[in-house]
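These are the residues of each chain, in order.
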Amino acid sequence: IAISEILTSQVDGLAISNAADVDHDVTIGPGKIVDTTFTTVLQLTSNMTKRLDASWAAGNGNGGLFSGSIAAKTWYYIVLIKNDITGAVDWGFDTSAAAANKPAGWTAYAILNAVVTSSSSKILPFYNDGNKMTLKTPTAYHANDPGTNAVLVTVTCPPSHEAMVTFSMQNDSAATISAGLLTSPNAADIAPTHTTIYSLVTSSGSRGASADYVKRTDSSSRLRYRIQGSTPHIDVYIFSLGWIFNR
């Protein structure tokens, strides 16, 4: 397969889906991806399912975890690998974004995307479209009167990738005008105002405001928001819808 066939997008096919055991298994469809050195193409010719709750072994339907045992609230990167001798392509789950725990003898690798487990060590169900992963059930954050200082919030998104969220403010006072600003922690921390710099504004005429945003998280999977004014009349919500995985 020529590298030039897929170099522009780095991936072709390889749709990711929940398998029959939704809590622990993932299936990747046929397709191909360029490895991290841009010198090797890794191709799956048919569906391959792996189990997050079992140690890695080559082949469809076998264990997929490169190291350790399944853990709660943990990100697992989906890693395609190619055998140095046979040229066979397989894949597995790694807690390392650099595939530090992949098996010996499988040098070429590519990171396709990631999944995350719940507090009960079950994979959060998702839909996949290219590098976009949409949660079937969004996760939620809520704060009442968070004050005027910047607040860092952990969202459901792999570290340093782009979170898809709904940012919402509710205001139960007709006398209060307030603004909220949602930003990436990598950007400057700016105090919002309802006249110039804001993501959302609530007022006597519009006591609720909500919008969808895509923002890059920091290395701890966090976004940042600030609110204009401190009052118990303000409630802030952030719903994590999914993420865009930047290859």
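Our structure's up above, just so we're on the same page.
J.: What should I look at first to understand the packing of aromatic side chains in this one?
T.: Each aromatic ring pair is summarised here by two numbers: the centre-to-centre distance and the angle between the ring planes. Applying the stated criterion across every chain yields a total of eight aromatic pairs. Residues W56 and W106 carry aromatic rings whose centres are separated by 5.4 Å and whose planes lie at 80° to one another, so their mutual orientation is edge-to-face. Residue W56 is located in the loop between β6 (48–55) and β7 (63–65), and its partner W106 is located in the loop between β9 (89–94) and β10 (108–116); the two are separated by 50 residues in the primary sequence. Overall, the relative accessible area of 19% leaves W56 in the buried class. A relative accessible area of 9% places W106 in the buried class. Geometrically, the ring pair formed by Y237 and F239 is stacked, given 6.1 Å between the ring centres and 0° between the ring planes. One aromatic cluster is present, built from ring pairs that chain together W56, F66 and W106. Between K136 and the ring centre of Y127, over which it is positioned, the NZ or CZ distance is 5.0 Å.

J.: Explain the sheet that holds strand β4 (residues 31–34) here, please?
T.: Whenever strands of a sheet pair, they do so through backbone hydrogen bonds, lying parallel or antiparallel. Strands sit in the order β1-β4-β5 across an open sheet of three strands; the sheet is antiparallel. Every interior strand has two partners, whereas the edge strands, β1 (11–13) and β5 (41–44), have only one. Taking each pair of neighbouring strands and ignoring which way they run, the sheet shows an average axis angle of 10°.

J.: Help me understand the nonpolar core in this model?
T.: Proteins that are soluble and globular tend to have nonpolar side chains buried together. Counting residues in hydrophobic clusters, the biggest one holds 58 residues, and the most contacted among them are L80, W91, F93, L112, V115 and Y225. A per-element tally of this core places β10 first, with eight residues. Residues contacting F93, with those up to four places away along its chain left out, are V26, K50, R51, L52, G64, L65, F66, Y76, Y77, I78 and V115.

J.: Teacher, can you tell me more about the pattern of salt bridges here?
T.: A side chain of one charge can pair with a side chain of the opposite charge when the charged atoms of the two come close. Under the defined criterion, the tally for this structure stands at seven salt bridges. K32 is the salt-bridge partner of D12, the closest N and O atoms lying 3.8 Å from each other. Linking D12 in strand β1 with K32 in strand β4, this pair joins segments that are 20 residues apart in sequence. Between K122 and D23 there is a salt bridge, and its shortest N-O distance comes to 4.0 Å. With K122 in the loop between β10 and β11 (126–129) and D23 in the loop between β2 (16–18) and β3 (25–28), this residue pair connects regions lying 99 residues apart in the sequence. The structure contains a network of salt bridges with shared partners spanning D189, R224 and R226.

J.: Help me out: how do you make sense of the side chain of T156 in this one?
T.: Structurally, the position occupied by T156 is in the loop between β13 (151–154) and β14 (162–171). A polar contact is formed between the side chain of T156 and the side chain of T139, at a distance of 2.7 Å. In contact with T156, not counting residues within four places along its chain, are W75, V116, L124, L135, T139, S240, G242 and W243.

J.: Just to check I follow, could you spell out the pairing of strand β18 (residues 222–227) for this structure?
T.: The two faces of a sheet get side chains in turn, since along a regular strand they alternate between them. Judged by how many residues are buried, β18 sits mostly within the fold: five of six residues are covered. Of the strand pairs in this sheet, β13 and β18 are connected by four bridges, and their pairing is antiparallel. Its bridge partner lying in β18, V151 is registered against Y225. Here four bridges tie strand β15 (residues 178–183) to β18, and the two strands are oriented antiparallel to one another. By the bridge assignment for β18, T183 is matched with R224.

What counts, and where the lines are drawn
Residues numbered from 1 in each chain as written. Predicted model: local features only at pLDDT ≥ 70, side-chain atom pairs only at ≥ 80, totals over all residues. Heavy atoms only, no water. Phe/Tyr/Trp six-rings, centres within 6.5 Å; stacked < 30°, edge-to-face > 60°. Helix = DSSP H or I, 4+ residues; strand = E, 2+ residues; numbered from the N terminus. Buried < 20%, exposed > 50% of the residue type's maximum accessible area, 1.4 Å probe, protein only. Lys NZ or Arg CZ within 6 Å of the ring centre and 35° of its normal. Pairing = 2+ DSSP bridges. Axes fitted to C-alpha atoms, helices over the stretch in contact; angles between N-to-C directions. Core = buried A, V, L, I, M, F, W, Y, C linked by side-chain atoms within 4.5 Å. Contact = heavy atoms within 4.5 Å. Salt bridge = Lys/Arg side-chain N within 4 Å of Asp/Glu carboxyl O. Polar contact = N/O pair within 3.5 Å; in protein donor to acceptor, adjacent residues only side chain to side chain.

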